[in-house]
Amino acid sequence: MKCKGFLFDLDGTLVDSLPAVERAWTNWGKRHGIDAAEILDFIHGKQAITSLRHFMAGASEEEIQQEFYALEKIEAEDTDGIIALPGAQQLLATLDELAIPWAIVTSGSVPVASARRAATGLPEPEVFVTAERVARGKPEPDAYLLGAQLLELEPEECVVVEDAGAGILSGLAAGSHVIAVNPPSNAPRLDDVDMVLSSLEELIINKNADGTFAVHRKH
């Protein structure tokens, strides 16, 4: 791949927030009589409001919004056990050293995403696309299209780095290169992504004289 910028998902890609996510949603499911496995199978990579609308079908939008704000508060305050995933710190440091633009593009809201990034000590991106900034969340392409636009790049000049099926579909729909990192075995369209990695530590980035960069994987 020969590209100009990176667009990173946050949860499951740069940070391991799974314990906090599962605590929040499992407890929410208990209160609503919904099996945790059913919830956890659906939510990953999607905006919380999308998941709430799915599981609260028939409820009023006001009720759904109330549940969203309550859940958002819980998720923003519970950062116990959230850590940077292997290779994330070094990769972002390398991009900064090489002056390669990058952004975080997440389905999380500002309070939740900001709390999780801060808890890991990862650098704050100049471009941070959160749920509030797009009308349609992943798997629609809107978030990654906006991320590329804010980096002043074309979508096809960017590499999307994702772990979840919804995010992989979003990156492909945006027309970007896609690297899937530790995706679930049933993730959609894995045959269409540029690379499937088990860890960010496998990535090698080299900057070219023309300002683009090349992405390789360690063998």
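Residues numbered from 1 in each chain as written. Predicted model: local features only at pLDDT ≥ 70, side-chain atom pairs only at ≥ 80, totals over all residues. Heavy atoms only, no water.

As annotated in an unreviewed UniProt entry, the chain carries the name Phosphatase and is attributed to Winslowiella iniecta.

Caption draft 1: Region of the structure containing the side chain of Glu-202. Within the secondary structure layout, Glu-202 lies in the loop between β9 (195–197) and β10 (203–207). Among the residues examined, Glu-202 registers a relative accessible area of 15% and is labelled buried. (Helix = DSSP H or I, 4+ residues; strand = E, 2+ residues; numbered from the N terminus. Buried < 20%, exposed > 50% of the residue type's maximum accessible area, 1.4 Å probe, protein only.)

Caption draft 2: Main features of the domain arrangement of the chain. Split by domain assignment, the chain resolves into domain 1 (2–16 + 82–217) and domain 2 (18–77). Here the C-alpha centre of domain 2 lies 24 Å away from the C-alpha centre of domain 1. Every contact between the two is made by 16 residues of domain 1 and, on the other side, 12 residues of domain 2. Summed over both sides, the interface of domain 1 with domain 2 buries roughly 1100 Å², with 55% coming from carbon and sulfur. At the surface where domain 1 touches domain 2, the tally comes to one salt bridge. Of the charged contacts, one joins Glu-75 and Arg-116 as a salt bridge, the two residues approaching to 2.7 Å between their closest N and O atoms. Applying the counting rule to domain 1 against domain 2 returns four residue pairs in polar contact (both at pLDDT 80 or more). A per-element tally of the side of domain 1 that touches domain 2 places helix α6 (residues 110–120) first, with four residues. (Domains from an automatic or database assignment. Contact = heavy atoms within 4.5 Å. Buried area = accessible area lost by both parts, 1.4 Å probe. Salt bridge = Lys/Arg side-chain N within 4 Å of Asp/Glu carboxyl O. Polar contact = N/O pair within 3.5 Å; in protein donor to acceptor, adjacent residues only side chain to side chain.)

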